[in-house]
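One letter stands for each residue in the lines below.
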Amino acid sequence: MISTVTVTVPATTANLGPGFDCLGAALTLSNRFRFSLLPPGGETVSITAMGAEAEQVTTDASNLAYQAFVKVYQHLKQVPPPIKLELQLGVPLARGLGSSATAIVGGLVGANALAGSPLTVEAVMHMAIAIEGHPDNVVPSLLGGCRLAATHRDVGWEICEIPWHSSIVPIVAIPGFELSTKLARQVLPTTYSRADAIFNVAHLGLLLRGLETGNGAWLQAAMQDRIHQPYRQTLIPGYEIVQTAALTAGAYGVVISGAGPTILALAQPHTATAVSEAIATAWAEQDFAVTVHVLQIDQKGAIAQTTIE
């Protein structure tokens, strides 16, 4: 009988400029969720969190990872077992790196493993999308890599893996302030011009080819966007200064990661350190604390390890 499941789920960066709400990639930062069965007849759920910002994590039954855990058992028409949930946080909250997606995927994968894995990966993915409301973070969190999601004639989803060239290095700059996704969506317009729609379609197509080939000229052009970034930049103090510093240091381009305020830069391996240092210096001059990570693309996605007694 499986008594403990530990699920490691990677952070994600979504949109990548013109890929608004449909493109995301898994990164080598992660959260860890450890589910252990409690004796029957006692408390239903016990939750503890460790790591940076642990005090901000909800530790009752409204916890998002636990809510996702319960969804699996409801889907299976079973009563959720009493559970102890221990969270080890490595993905900062409300920074545009998919922390909520890790919770959803962690809860679903953990419950499925404890239940004996009755659900396929595809079924878990569709449940994750339904909970999150859009696929760009939860899909790469679950599957790893870079993923493009599109509806299949408005019924279900088609998920396309996007090759990511080994010469493209993702760099994330995480400022010491939060930005809610709700606020980041409120600043967006409700309609767009035909010219802006055409602009984004063209640049998304170029971005996909640039990611696949590592063509620097294509990447430099492709990371432009007219759907969300021009509006969200106003919510991130110092964005233009940081962007200029990164580009001057050799970055292909700079975009908002997810809803922000984290900034994502793409660079070549030999310029990655210079780009990360330039970003850190530029943001520090704006009197904001910032953490910069030179990362890789996580190709594995969510990984569950079980203990059997």
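See the structure shown above.
Conventions we followed
- Residues numbered from 1 in each chain as written.
- Predicted model: local features only at pLDDT ≥ 70, side-chain atom pairs only at ≥ 80, totals over all residues.
- Heavy atoms only, no water.
- Helix = DSSP H or I, 4+ residues; strand = E, 2+ residues; numbered from the N terminus.
- Rg over C-alpha atoms; globule rule 2.2 N^0.38 Å.
- Buried < 20%, exposed > 50% of the residue type's maximum accessible area, 1.4 Å probe, protein only.
- Areas by Shrake-Rupley, 256 points an atom, 1.4 Å probe, with all protein chains shown as cover.
- Lys, Arg positive; Asp, Glu negative; His and termini not counted.
- Charge placed at Lys NZ, Arg CZ, Asp CG, Glu CD.
- Pairing = 2+ DSSP bridges.
- Axes fitted to C-alpha atoms, helices over the stretch in contact; angles between N-to-C directions.
- Salt bridge = Lys/Arg side-chain N within 4 Å of Asp/Glu carboxyl O.
- Polar contact = N/O pair within 3.5 Å; in protein donor to acceptor, adjacent residues only side chain to side chain.
- Contact = heavy atoms within 4.5 Å.
- Parallel < 35°, antiparallel > 145°, perpendicular 65-115°, else oblique.
- Left-handed = near helix turned anticlockwise from the far one by under 90°.
- Nonpolar A, V, L, I, M, F, W, Y, C, P; charged D, E, K, R; others polar.
- Phe/Tyr/Trp six-rings, centres within 6.5 Å; stacked < 30°, edge-to-face > 60°.
- Lys NZ or Arg CZ within 6 Å of the ring centre and 35° of its normal.

**Regarding the overall build of the chain**
And step 1. A count of helical and extended segments in the chain gives ten helices and eleven strands.
And step 2. What you see for the chain is a C-alpha radius of gyration of 20 Å, in line with the 19 Å of a compact globule of 309 residues.
And step 3. Considered along the principal axes of its C-alpha atoms, the chain spans approximately 60 × 45 × 35 Å.
And step 4. Taken over 309 residues, the chain has a buried fraction of 52%.
And step 5. Of the roughly 13500 Å² of accessible surface on the chain, 53% is carried by carbon and sulfur atoms.
And step 6. Measuring between centres, the 15 positive side-chain charges of the chain sit 7 Å from its 22 negative side-chain charges.

**With respect to the sheet that holds strand 7 (residues 169–175)**
And step 1. With antiparallel pairing, four strands are arranged side by side in an open sheet as 8-9-7-10. The sheet is open, and its two edges are formed by strand 8 (253–256) and strand 10 (290–294), each paired on a single side. Here the average twist between neighbouring strands, direction ignored, is 20°.
And step 2. Bridge count for strand 7 against strand 10 is five bridges, and the pairing is antiparallel.

**Brief notes about the side chain of Asp298**
And step 1. The residue Asp298 is located in the loop between strand 10 and strand 11 (303–308) in this model.
And step 2. One buried charged side chain, Asp298, makes no salt bridge at all; its nearest oppositely charged neighbour is Lys300, positioned 7.3 Å away.
And step 3. For Asp298, the side chain forms a polar contact with the main-chain nitrogen of Lys300, separated by 3.0 Å.
And step 4. Looking at Asp298, its side chain comes within polar contact range of the main-chain nitrogen of Gly301, at 2.8 Å.
And step 5. Beyond its immediate chain neighbours, meaning those up to four positions away, Asp298 contacts Pro10, Ala26, Leu27, Thr28, Gly144 and Gly145.

**Considering the packing of helix 9 (residues 239–248) against helix 10 (residues 272–284)**
And step 1. Put simply, helix 9 and helix 10 touch, their axes get as near as 8 Å, and they point 155° apart. Classified by the angle their axes make, helix 9 and helix 10 are roughly antiparallel. Crossing of helix 9 over helix 10 shows right-handed handedness. Across the interface between the two elements, Ile241, Val242, Ala245 and Ala246 of helix 9 pack against Val275, Ala278, Ile279, Ala282 and Trp283 of helix 10.
And step 2. In terms of residue class, the contact of helix 9 with helix 10 is made up of nine nonpolar, no polar and no charged.

**Remarks on the packing of aromatic side chains**
And step 1. One pass over the structure, following the stated rule, counts four aromatic pairs.
And step 2. Taking the centre distance of 6.0 Å and the plane angle of 15° together, the rings of Tyr66 and Phe69 count as stacked. Of the two residues, Tyr66 and Phe69 both sit in helix 1 (residues 64–75), three residues apart, roughly one turn of that helix.
And step 3. According to the relative accessible area criterion, Tyr66 is buried, its value standing at 6%.
And step 4. A ring pair is formed by Phe177 and Trp283, whose centres lie 6.4 Å apart and whose planes are at 80°; its orientation type is edge-to-face. You can see Phe177 sitting in the loop between strand 7 and helix 5 (181–186) and its partner Trp283 sitting in helix 10, a full 106 residues away along the chain.
And step 5. Judged by its relative accessible area of 0%, Trp283 is buried.
And step 6. Among the aromatic residues, ring-to-ring pairing joins Phe35, Tyr66, Phe69 and Tyr73 into one connected group.
And step 7. The ring of Phe199 has Arg226 sitting right over it, with the charged end atom 3.9 Å from the ring centre.

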